[in-house]
Amino acid sequence: MSALVVIPAEPTIRMLGYIGIAEFQGTRAMLEAEGIVPANIKWPEGYDDLRWDEGKFEYWIRRERPDGAKGPRKLFVDVDWWCLRQQVIGETFIDYELKRKKKELAEYVYRHSAKGQADSDRSFNAYAAACGDEKFQAFKALFPGLVKPKRGRRAKSIQQAQGVAA
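First, a word on scope: everything that follows refers to the structure included in this document.

**A word on the sheet that holds strand E3 (residues 49-54)**
Hydrogen bonds between backbone atoms are what pair the strands of a sheet, whose relative direction is either parallel or antiparallel.
Here's step 1: Taken in spatial order, the five strands line up as E1-E2-E5-E4-E3 in an open sheet, and their pairing is antiparallel. Each having just a single partner strand, strand E1 (12-16) and E3 make up the two edges of the open sheet. Averaged over neighbouring strand pairs, the angle between their axes works out to 15° when direction is ignored.
Here's step 2: Pairing of strand E2 (residues 21-26) with strand E5 (residues 82-88), which is carried by six bridges, proceeds in the antiparallel orientation. Paired with Gln 25 across the two strands is Cys 83, which belongs to E5.

**A few points about a nonpolar patch on the surface**
Here's step 1: There is a patch of nonpolar side chains on the surface, built from Phe 136, Phe 139, Leu 142, Phe 143, Leu 146 and Val 147 and spanning about 590 Å² of accessible area.
Here's step 2: Mapped onto the fold, Leu 142 is located in the loop between helix H4 (134-141) and helix H5 (156-161).
Here's step 3: Residue classification places Leu 142 among the exposed residues on the basis of a relative accessible area of 64%.

**Some details on the environment of Asp 78**
Here's step 1: Tracing the backbone through its elements, the reader meets Asp 78 in the loop between strand E4 (57-63) and E5.
Here's step 2: In this structure Asp 78 comes out as exposed when scored by relative accessible area, which is 58%.
Here's step 3: Taking the C-alpha atoms as reference, Asp 78 lies 19 Å from Trp 60; in sequence the two are 18 residues apart.

**Some points on the nonpolar core**
Here's step 1: Counting residues in hydrophobic clusters, the biggest one holds 11 residues: Ala 22, Phe 24, Leu 31, Val 37, Ile 41, Trp 43, Trp 52, Tyr 59, Ile 61, Trp 82 and Leu 84.
Here's step 2: Contributing elements (two or more residues each) for this core: E2, E4 and E5.
Here's step 3: Once residues lying within four places of it in the same chain are set aside, the contact partners of Ile 41 are Leu 50 and Trp 52.
Here's step 4: Judged by nonpolar contacts, the second largest core, of six residues, contains Ala 69, Leu 75, Val 79 and Trp 81.

**Quick word on the pairing of E5**
Here's step 1: The element E5 is extensively covered by neighbouring structure, given that five of its seven residues are classed as buried.
Here's step 2: In terms of strand pairing, E4 meets E5 through seven bridges, oriented antiparallel. Counted as the bridge partner of Glu 58 is Gln 87 from E5.

**Some points on the pairing of E1**
Here's step 1: Sheet topology places E1 next to E2; five bridges connect them, and they run antiparallel. Considered in E2, the bridge of Leu 16 is made with Ile 21.
Here's step 2: Here E1 folds back onto E2, and the loop between the two strands holds four residues, one of which, Gly 20, carries a positive phi near 75°.

**Details of the packing of aromatic side chains**
Here's step 1: Enumeration according to the criterion identifies five aromatic pairs in this entry.
Here's step 2: Their ring planes at 70° and their centres at 5.0 Å tell us that Trp 43 and Trp 82 sit as a pair that is edge-to-face. Here Trp 43, found in the loop between helix H1 (28-34) and E3, pairs with Trp 82, found in strand E5; they are 39 residues apart in sequence, far enough to count as distant.
Here's step 3: For Trp 43, a relative accessible area of 9% gives the class buried.
Here's step 4: A ring pair is formed by Phe 124 and Tyr 127, whose centres lie 6.3 Å apart and whose planes are at 45°; its orientation type is tilted. Here the residue Phe 124 and the residue Tyr 127 both occupy positions in helix H3 (residues 114-132), the gap between them amounting to three residues, near one helical turn. The two residues Phe 124 and Tyr 127 agree in class, both being exposed.

Definitions and cut-offs
- Residues numbered from 1 in each chain as written.
- Predicted model: local features only at pLDDT ≥ 70, side-chain atom pairs only at ≥ 80, totals over all residues.
- Heavy atoms only, no water.
- Pairing = 2+ DSSP bridges.
- Helix = DSSP H or I, 4+ residues; strand = E, 2+ residues; numbered from the N terminus.
- Axes fitted to C-alpha atoms, helices over the stretch in contact; angles between N-to-C directions.
- Patch = residues over 30% accessible without salt bridge, like charges linked within 9 Å, V, L, I, M, F, W, Y side chains within 5 Å.
- Areas by Shrake-Rupley, 256 points an atom, 1.4 Å probe, with all protein chains shown as cover.
- Salt bridge = Lys/Arg side-chain N within 4 Å of Asp/Glu carboxyl O.
- Buried < 20%, exposed > 50% of the residue type's maximum accessible area, 1.4 Å probe, protein only.
- Core = buried A, V, L, I, M, F, W, Y, C linked by side-chain atoms within 4.5 Å.
- Contact = heavy atoms within 4.5 Å.
- Phe/Tyr/Trp six-rings, centres within 6.5 Å; stacked < 30°, edge-to-face > 60°.

In short, geometric facts, not functional conclusions.
This is the structure in structure tokens:
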């Protein structure tokens, strides 16, 4: 017995950058058409999985329920929906977390250094000058949606020009 499932027409790609993983989800035909699955692999049966290394990446393919599918797992044992994970060999979640924290710390140190403060001040001064530049603000107003409309009631002179009764 198999579940009635609506299979998307396009493969799904998820980037789990915080842990260095790319996931490709789709039918067997979709994944093969993308060229991301070697032609010579023996596809797993049921909920078995298959792992292999190629170049600097390790791969893991397994059957998965399509997003939004409900019901017991056994109903999806024959559903043609697969998840292929790709990640760099030897890099773990801890490696990615250390890189992220090092980058965050370097940015913090920079923002609080003399150079970082000077760059921030320079950026703010340029922003303040742009806000005070009447010609630039008039130019921005030419683009619909770029400048928020002013709140409140319209002036009587504008209402009268548009033929609105006051």
